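Overview (structure and organization)
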Protein chains: 4
Amino acid sequence: MDKEQMSRDIDCPALVSRALSALKNSYAPYSGFHVAAALLAESGEVYTGVNVENASYSASICAERNAAAHAAACGERRFTAVAIVGGAGGRITAYCPPCGICRQVLREFCDPSELAVITAVSPEDYRVQTLADLLPDSFGPEYL
Amino acid sequence: MDKEQMSRDIDCPALVSRALSALKNSYAPYSGFHVAAALLAESGEVYTGVNVENASYSASICAERNAAAHAAACGERRFTAVAIVGGAGGRITAYCPPCGICRQVLREFCDPSELAVITAVSPEDYRVQTLADLLPDSFGPEYL
Amino acid sequence: MDKEQMSRDIDCPALVSRALSALKNSYAPYSGFHVAAALLAESGEVYTGVNVENASYSASICAERNAAAHAAACGERRFTAVAIVGGAGGRITAYCPPCGICRQVLREFCDPSELAVITAVSPEDYRVQTLADLLPDSFGPEYL
Amino acid sequence: MDKEQMSRDIDCPALVSRALSALKNSYAPYSGFHVAAALLAESGEVYTGVNVENASYSASICAERNAAAHAAACGERRFTAVAIVGGAGGRITAYCPPCGICRQVLREFCDPSELAVITAVSPEDYRVQTLADLLPDSFGPEYL
């Protein structure tokens, strides 16, 4: 599926709006960098998440993984798209790309060339990539 | 607060039941060890989570952290209790203690001596400990 | 083995000194909290580690885990003791306890009641606990 | 720097050999998938690592991160290349790509377009990519 087709099939502005609405609950007292994500599952349901930090930094979780973990806990096993917004102090002024850990977590529940990763500043200003764009030659279940 | 008081204040059997109900969505294709958790926040709301594994094992998340991350994303900042059930193949035959990572994550959102950690086999057969019992001399926000 | 016996069998001041010597290489640009650890393996070898942070906070690693991972990579499978020093700006003014993640990682390579966890301010000022003290009722290999 | 130039500047076969030599110490009792890495730092030193798993899967560490954490603990702050070998049961029959977490950790200590990632079957059979190839549009220190 190409990205133009993806952009037609997925209501990207609506997904970005969902991420923006979730942002207020980001818990980022250590970095001050607030992130939210809205994940669209194949079922049509949307799951949101925020970053949740920890005094022991490596126990933190990013927004995308938070949304993915919740979706999986609700029985979802196939993801269609994820919208991501983030910025220092919760001000969204640039596209915030997902970190490598989040790319790896999303990888488990999709065909990388079919998952749309939407990084956004607003519902009108966003970029669409695939997970294959962002995590080429990925390590996945087929290696084990 | 002592544990007898905790057991009176918290409806432990109901929380264990919520964890047991969530267990069916555990995603554990690599370990075959299925775990679910139900987290009671100070607001009175209950949040459930399951373990969600990943082909790159360290990208996995446990049930307790899944529930905690979702609760935080819903705006909760203070946890009261968590019930945990788990076992190989989803058969619950013994108390499954939380791993050290999950203890650390719970630590962020409670006074360790006030958080009830309920490990259970069934709504009738469970054990109540505090997080302080399970993670004494913890590393927390006050160190930073 | 009781802690007095441990303190006689292990050269705690020497292990603390090794941790203090390693501290200069801590990479903590985000937290400013510098930590180092020195791990004594059953072989008699000492392995040091420091915390190494990452812009995506959850990709960070603590000092204790860094030392443990390196020891395991060198073929060690049984740990005897670990000394930990840490503080904001690299100034060591209080005992810095290991986080829950590190307790879990150490758990894999010891009998918790036999591993000495030494938190120190200096070679003369330290505290000895066991991993069992710090991670009671732990989740370990026997559950899988 | 293009990849042909990289391949001339870096002794890839030697780095792959170092990774292969380290493989015997991989601790992978849960996945049975053994991985080793050899990391070349700007100083010219080579650091090796293996995957070290944990009963709580998410407390595991990959080989690449193990090598990176040790290099940083030895004072390295700039990485030049990493060679990776891995396979089920320690049999190396295909290129094993780094997971997303490892790509993120390597990102901290390099210009992604300058770090050579060498995935190998043997010193004679390997592939050279850059970290920018494997983690485009990465999240790094400049975002914070």
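Preceding this paragraph is the structure being described.
Fair warning: this is a prediction, and the values are worked out from it, not measured in the lab. (Residues numbered from 1 in each chain as written. Chains lettered and ligands numbered in written order. Predicted model: local features only at pLDDT ≥ 70, side-chain atom pairs only at ≥ 80, totals over all residues. Heavy atoms only, no water.)

Overlaying chain A on chain B yields an RMSD of 0.0 Å, the required transformation being a rotation through 180° with an accompanying axial translation of 0.0 Å. Taken together, the turn and the small shift mark the pair as related by a two-fold rotation axis. The rotation axis passes nearest to the C-alpha of His70(A) in chain A, at a distance of 3.3 Å. Counting the interface residues of chain A, we find that 100% of their copies in chain B are interface residues as well, pointing to one common contact surface. (Least-squares fit on C-alpha atoms with pLDDT ≥ 70 in both. Contact = heavy atoms within 4.5 Å.)

All names here are of chain B. Here Val82 lies in strand 3 (residues 79–88). We classify Val82 as buried; its relative accessible area is 0%. Sequence-wise, Val82 and Leu115 are 33 residues apart; in three dimensions their C-alpha atoms are separated by 7.8 Å. Excluding residues within four positions of it along the chain, Val82 makes contact with Leu15, Ala37, Ala38, Leu39, Leu106, Ala116, Val117 and Ile118. (Helix = DSSP H or I, 4+ residues; strand = E, 2+ residues; numbered from the N terminus. Buried < 20%, exposed > 50% of the residue type's maximum accessible area, 1.4 Å probe, protein only.)

A few words on the sheet that holds strand 3 (residues 79–88) of chain D. To summarise the sheet geometry, strands pair through backbone hydrogen bonds and adopt either a parallel or an antiparallel arrangement. Residues and elements named next belong to chain D. The strand order 2-1-3-4-5 describes an open sheet built from 5 strands, whose pairing is mixed. Each end of this open sheet is capped by a strand with a single partner; those strands are strand 2 (46–50) and strand 5 (125–130). With strand direction ignored, the average angle separating the axes of adjacent strands in the sheet is 20°. Judged from the 6 bridges that link them, strand 4 (residues 116–122) and strand 5 form a sheet pairing that is antiparallel. Looking at the pairing, Ile118 lines up with Val128 of strand 5. (Pairing = 2+ DSSP bridges. Axes fitted to C-alpha atoms, helices over the stretch in contact; angles between N-to-C directions.)

With respect to the secondary-structure elements, Ser58(B) resides in the loop between strand 2 (46–50) and helix 3 (63–73). A distance of 2.6 Å separates polar atoms of two side chains, one belonging to Ser58(B) and the other to Arg65(D). If we skip the residues at most four places from it in the chain, Ser58(B) touches Tyr57(D), Ser58(D), Ser60(D), Cys62(D), Arg65(D) and Ile101(D). (Polar contact = N/O pair within 3.5 Å; in protein donor to acceptor, adjacent residues only side chain to side chain.)

Take the nonpolar core next. Judged by nonpolar contacts, the single largest core of 236 residues is most densely connected at Ile118(A), Ile118(B), Ile118(C) and Ile118(D). The residues contacting Ile118(B), other than those within four sequence positions of it, are Ile10(B), Cys12(B), Leu15(B), Val16(B), Ala81(B), Val82(B), Ala83(B), Ile84(B), Tyr126(B), Arg127(B) and Val128(B). (Core = buried A, V, L, I, M, F, W, Y, C linked by side-chain atoms within 4.5 Å.)

This paragraph deals with the state of the cysteines. Enumeration over the complete set of coordinates arrives at 0 disulfides over all chains. The closest cysteine sulfur to the non-disulfide-bonded Cys102(A) is located on Cys62(A), 3.8 Å from its own sulfur. The class of Cys102(A) is buried, set by a relative accessible area of 1%. With no disulfide of its own, Cys96(B) lies 8.6 Å from the sulfur of Cys62(B), the closest cysteine sulfur. We classify Cys96(B) as buried; its relative accessible area is 4%. (Disulfide = S-S within 2.5 Å.)

All names here are of chain B. Mapped onto the elements, Arg107 comes out in helix 4 (residues 100–107). Its relative accessible area of 9% is what places Arg107 among the buried residues. Here Ser138 takes part through its side chain, which lies 2.6 Å from a polar atom of the side chain of Arg107. Beyond its immediate chain neighbours, meaning those up to four positions away, Arg107 contacts Pro112, Leu131, Leu135, Ser138, Phe139, Gly140, Pro141 and Glu142.

Each side of the interface is counted separately: chain C has 21 residues, and chain B has 21 residues. Together chain C and chain B conceal approximately 1,700 Å² of surface at their shared face, both sides included; 65% is due to carbon and sulfur atoms. At the junction of chain C with chain B, the criterion picks out 2 salt bridges. Note that Asp137(B) and Arg127(C) form a salt bridge whose closest N and O atoms lie 3.8 Å from each other. At the surface where chain C touches chain B, the tally comes to 8 residue pairs in polar contact (both at pLDDT 80 or more). At the level of elements, helix 4 (100–107), strand 5 (125–130) and helix 5 (131–134) of chain C are the ones that each hand at least two residues to the side of chain C that touches chain B. Sort the elements by how many residues they give to the side of chain C that touches chain B and helix 4 of chain C lands first, with 4 residues. A breakdown of the residues in the side of chain C that touches chain B according to their chemical character gives 13 nonpolar, 4 polar and 4 charged. (Buried area = accessible area lost by both parts, 1.4 Å probe. Salt bridge = Lys/Arg side-chain N within 4 Å of Asp/Glu carboxyl O. Nonpolar A, V, L, I, M, F, W, Y, C, P; charged D, E, K, R; others polar.)

Everything listed here is a matter of coordinates, which is why it stays silent on function.
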